[in-house]
2 protein chains.
Amino acid sequence: MVELTRKQREIQERTREILRVAKPILLAEGFQALTMDRVASRMEYAKGTIYGHFSNKEEIVLALALEAMRLRQKLFQKAASGTGLARRRIMAIGLASEFYTQRCTEEFQVEQWMRHSNIWDKSSSDRQTLIRNCESSCMQIVSELVREGQAMGDLPTLERMSAEEMVFGLWAITFGSQILTASSPSLSALGIIDPIRSTRIHCCQLLNGFGWQPIHSVEEYLELVDEISAEYLPQFEQIQREYR
Amino acid sequence: MVELTRKQREIQERTREILRVAKPILLAEGFQALTMDRVASRMEYAKGTIYGHFSNKEEIVLALALEAMRLRQKLFQKAASGTGLARRRIMAIGLASEFYTQRCTEEFQVEQWMRHSNIWDKSSSDRQTLIRNCESSCMQIVSELVREGQAMGDLPTLERMSAEEMVFGLWAITFGSQILTASSPSLSALGIIDPIRSTRIHCCQLLNGFGWQPIHSVEEYLELVDEISAEYLPQFEQIQREYR
DNA sequence: GTCAATTATTGACGCTCCGTCAGAATTTAC
DNA sequence: GTAAATTCTGACGGAGCGTCAATAATTGAC
């Protein structure tokens, strides 16, 4: 387990190399342009060799997606481990998510490919499980903060409303906004000039709605977000650099 | 334009027939199972004939999606044209959206396929435009209600927050929840027992957050939603029947 | 009713990509 | 040095796409 022969290390390195080659093809030309023949010829290996690493091209996408989600997870962890009350840190997670979508565009895009049922369904369940675990781990980071808020008495425990259900709301609104922003090119033509600002406001209203103290007016909230953003941005950028 | 020869009518009818044949394949076995050869042989026509109607299989999916979205649009229109204040009717639209996802499962699923960039990008821009128009028309229905609420004085006009941006929030949360519900099979394992109820609550909190009078407590809101649901359900079902 | 022009239909064909596997090449173990 | 084990190769069969020359059906003028 610990010790690997030179050959084994070479093979492991090649797995990474395949991903390095595949990623730009996927991002620049889409999934259908990502062919095994093409990857093989770019790597100067035969197709069969590539199949030794990934049993189909969908697996490559999921492998890329897992890498991407690990980055997301790290950003979330950093945000959750910051200073201040739980509500402040949950706002930081919102910013982490924003950062991921805005500044880790490629990783965000890879995640989108992963969600395509075509691709998802053709992958091995092992890889699917890895991704699910990573996703639920991201969610748990947020749920923990919600529970912390409840424990501290800042957030009233609503009856018939679990921590997870609150997270679901935040998750849905962030996720929904991001997908809509990414997939509707003419959002500004529809009257939505600054979707990021809108999303921030909507999250604020959700948190206020839960009764999470201290309640902020939208204006206060937006200012506070900017402040928190200034605090975390360098850290997020650091994580992004380490990842590359 | 108005008068069609018998032949032209036959051809038009065949277009519909192709969609009738393609739909169950797409829904039951996915996009990759939807092959032109298969459609052709099921219809007992040659492949070339099918290509006379749709220049690739992606176009078939978009045609199906347009039909689906027209149904959604009708549901929205029905909800918007109901009785009561704008806020009540906007809640009805939420229910229309819920109905669409829950009870028009097939149409909802077709819409999901349409969003796959693989499929979207290979379709003609004409068809893309038709769909975009339908989508923005759905959105405008909601924006109108928001503006009505503002005009009536029930909904304060927040500065730097347009009607469309509010709609964006509602849209994002509904859309996000629905996608998450549809794509995360183990939502209940994550602690989200009743995503529909959660989504309703989140919408309530968003509306309250905007300051839309009358403000409802979550409990009141949920009761009211049930009441509105009872009123609209038969009408929605009627529309669904007419569509089939 | 005939026949030429027009329009519609056909399915074989060329192409691309997938995933496999028998055999060649290389590495390892002794 | 060599035999066994491992790794690598690329030709191959199969599936599906989209085309287009050939064939069939329809139309309408006489």
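Just above sits the structure.
Everything quoted here is computed from the prediction, not taken from an experiment. (Residues numbered from 1 in each chain as written. Chains lettered and ligands numbered in written order. Predicted model: local features only at pLDDT ≥ 70, side-chain atom pairs only at ≥ 80, totals over all residues. Heavy atoms only, no water.)

J.: Let's hear about the protein's contact with DNA strand D: which residues, and what values?
T.: Not every one of the 17 residues close to DNA strand D is listed here, only the nearest: R14 and T49 of chain A together with K47, Y51 and K57 of chain B. Here, DNA strand D places atoms within 4 Å of the protein, and 67% of those atoms are sugar or phosphate. At 2.7 Å, a side-chain N or O of T49 of chain A approaches a phosphate oxygen of DNA strand D. At 2.5 Å, a side-chain N or O of K47 of chain B approaches a base oxygen of DNA strand D. The biggest single contributor to the surface near DNA strand D is helix α1 (residues 6-29) of chain A, with 3 residues. Classifying every residue of the surface near DNA strand D gives 6 nonpolar, 4 polar and 7 charged. (Near = heavy atom within 4 Å. Polar contact = N/O pair within 3.5 Å; in protein donor to acceptor, adjacent residues only side chain to side chain. Helix = DSSP H or I, 4+ residues; strand = E, 2+ residues; numbered from the N terminus. Nonpolar A, V, L, I, M, F, W, Y, C, P; charged D, E, K, R; others polar.)

J.: Go over a negative patch on the surface with me, naming the residues and quoting the values.
T.: Judged by side-chain charge, E159 of chain A together with E219, E220 and E223 of chain B come together as a negatively charged surface patch. Within the secondary structure, E219 of chain B sits in helix α11 (residues 218-243). (Patch = residues over 30% accessible without salt bridge, like charges linked within 9 Å, V, L, I, M, F, W, Y side chains within 5 Å. Areas by Shrake-Rupley, 256 points an atom, 1.4 Å probe, with all protein chains shown as cover. Salt bridge = Lys/Arg side-chain N within 4 Å of Asp/Glu carboxyl O. Lys, Arg positive; Asp, Glu negative; His and termini not counted. Charge placed at Lys NZ, Arg CZ, Asp CG, Glu CD.)

J.: Describe the interface of chain A and chain B, naming the residues involved and giving the relevant values.
T.: Residue-level contacts link 47 residues of chain A with 47 residues of chain B. Of the roughly 4,000 Å² buried between chain A and chain B on both sides combined, carbon and sulfur atoms contribute 63%. On the chain A side of the contact with chain B, F168, L180 and Q205 of chain A bury the most area, a combined 16% of that side's loss. Summed over the shared surface of chain A and chain B, the number is 0 salt bridges. Applying the counting rule to chain A against chain B returns 12 residue pairs in polar contact (both at pLDDT 80 or more). Breaking the side of chain A that touches chain B down by element, the ones donating at least two residues are α7 (117-122), α8 (125-152), α9 (163-183) and α10 (195-210) of chain A. Broken down by element, the side of chain A that touches chain B gets its largest block of residues, 15 residues, from α9 of chain A. (Contact = heavy atoms within 4.5 Å. Buried area = accessible area lost by both parts, 1.4 Å probe.)

J.: Please provide a residue-by-residue account of the relation of the copies chain A and chain B, values included.
T.: Rotating chain A by 180 degrees and translating it 0.0 Å along the rotation axis places it on chain B, where the RMSD comes to 0.0 Å. Here the transformation between the copies is reduced to the relation of a two-fold axis. (Least-squares fit on C-alpha atoms with pLDDT ≥ 70 in both.)

J.: Describe the state of the cysteines, with residues and values.
T.: This structure, assessed with the given rule, holds 0 disulfides over all chains. C204 of chain B takes part in no disulfide bond, and the closest cysteine sulfur to it belongs to C203 of chain B, at a distance of 8.8 Å. (Disulfide = S-S within 2.5 Å.)

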